[in-house]
Amino acid sequence: MGLALRAYAIACAGLVAGGALAAQQPPATPPAQPPKAEQGKPSDKQAPAPAVQQNPRTRADTLRALAAPIDTVRVDAVPTGKPPDSLAVEPGPPWHTSYFPYLTGTGGDLMVAARVRRWLPAAFEDRLTYRAALGVDAGVGIHGSWFATAKLDAPLLMPNYRMWLMVEASQENRYGFYGLGNNTEYAKPVLDSANPNLFRVQRTRYQVYGEVTRRIAGPLMVAGMLGAESVRFDGLDGASTFASAYGAELRETDVNGRVALVFDTRNNEYNTTTGVLLETGLQLGSGGDGYSRRYFMFRGYAPLRGSTVLAARLGAADIHGTPSLNARFTLPTWEAPLSVYGGYNSNRGYPGGRFVGRGVIMGSLEVRQEFLPIGEIAALRAKRLGYPC
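All values derive from a computational prediction rather than experimental measurement.

Cut-offs used in this document
Residues numbered from 1 in each chain as written. Predicted model: local features only at pLDDT ≥ 70, side-chain atom pairs only at ≥ 80, totals over all residues. Heavy atoms only, no water. Core = buried A, V, L, I, M, F, W, Y, C linked by side-chain atoms within 4.5 Å. Buried < 20%, exposed > 50% of the residue type's maximum accessible area, 1.4 Å probe, protein only. Helix = DSSP H or I, 4+ residues; strand = E, 2+ residues; numbered from the N terminus. Contact = heavy atoms within 4.5 Å. pLDDT = per-residue confidence, 0-100.

### Digging into the nonpolar core
In summary, soluble globular proteins display a tendency toward joint burial of nonpolar side chains. One finds Ala 260, Tyr 295, Met 297, Ala 317, Leu 331, Leu 338, Val 340, Tyr 341, Phe 355, Val 360 and Met 362 forming the largest nonpolar core, which totals eleven residues. Mapped onto this core, the elements with two or more residues apiece are strand S12 (290–305) and strand S16 (359–369). In this structure, Ala 317 is in contact with Arg 293, Arg 294, Tyr 295, Leu 331, Gly 359 and Val 360, ignoring residues within four places of it in sequence. Counting residues in each nonpolar core, the second largest holds ten residues, with Tyr 175, Phe 233, Leu 325 and Val 356 among its members.

### A short note on unusual backbone geometry
The omega angle of the peptide bond from Val 340 to Tyr 341 is -20 degrees, so this bond is cis rather than trans. By the secondary structure assignment, Tyr 341 is in the loop between strand S15 (338–339) and S16. The backbone of Asn 160 shows a phi angle near 70 degrees, a positive value even though the residue is not glycine. As for its position among the elements, Asn 160 is in the loop between strand S6 (146–158) and strand S7 (161–176). Residue Asn 160 is classed as partly exposed on the basis of its relative accessible area, which comes to 42%. The backbone of Glu 335 sits at a positive phi, close to 70 degrees, despite the residue not being glycine. Mapped onto the elements of the fold, Glu 335 is located in the loop between strand S14 (330–331) and S15.

### Some details on the confidence of the model for the protein
Any segment with low pLDDT has predicted coordinates that should not be analysed in fine detail. Averaged over every residue, the pLDDT of the protein is 79; residues scoring 70 or more account for 70%. Counting interchain partners and residues more than four positions distant, the pLDDT-below-50 stretch residues 10–28 has zero contacts. The low-confidence segment residues 68–90, where pLDDT is below 50, has 41 contacts with residues more than four positions distant or belonging to other chains.

Rendered as structure tokens:
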């Protein structure tokens, strides 16, 4: 009984003390309400930023993106549930179509040709004038030669990658053949009406080639090329160096591939004035009884003054095995195969195919003078078309 009375007294004392403390605390105030805006005046309170909406990836969005490269298309965010057809698409530079006739020469023949080209222009500061292009060329020569080529070229369409694919059929009725090796003789006085085809052969060729290049780091890239070709050589009437070596006809088929390391610091690829292009590669082919080829190519450019440029080139290649005859005429350099040896893209002082053999060592030094400021004209033209320069 005594313990119960003590517990009751302690509880009553606690209640009295709690009431006294509560009486000392200030009364609770309701939370402050934002001031009401006066009638006719906007509220000073900033509206919260809306949540970022994810761009819906729909079939309609994809179809719009096909008209321009993926990285030049912007799709505005729309609230969830908005119809996909209302997406706002901002395309990059449009694709253009160009078509024109031109004159060219190949295989000792003068040809009248035409080109139709669908292309996507690049920005003015880019290394090339186009990001991607699809072109079809065809032509006929005054001596019966002909060619037809279709090429898809995409050097700037995807980051860190560039590629091209080419299909061609051609016939060159006056292709040069002077024999194999450095000791072959080219005597112009014997090329008279009695021996007009002494150093000529007809070459008919069907080929398909493609190449993909991947950037490794900075200017260093690795490139892989794969192709196949079917070639027929036919000796022409009269005395013929080709017929003396191979008979009236020679048919060849070659499937080949090439891997190359490329180091490229050129300022651009259409009117180079500074930088170097260095490459080395290995090619394997099935032509003949099979062959392999190693090659090295250096190109350097240095400005001298104003619009004068010094260009240098040094290259070497060596074939092992038993290559086909046609494989000896071309060096599989990156992006643009090189004719060996002679002609406009190797040595303008010799006719095309003047020196052909198992290997080659070549070098050249050239001074180039620009008389027409192509770059400035292109910039003015781009500004007129509305492109940023």
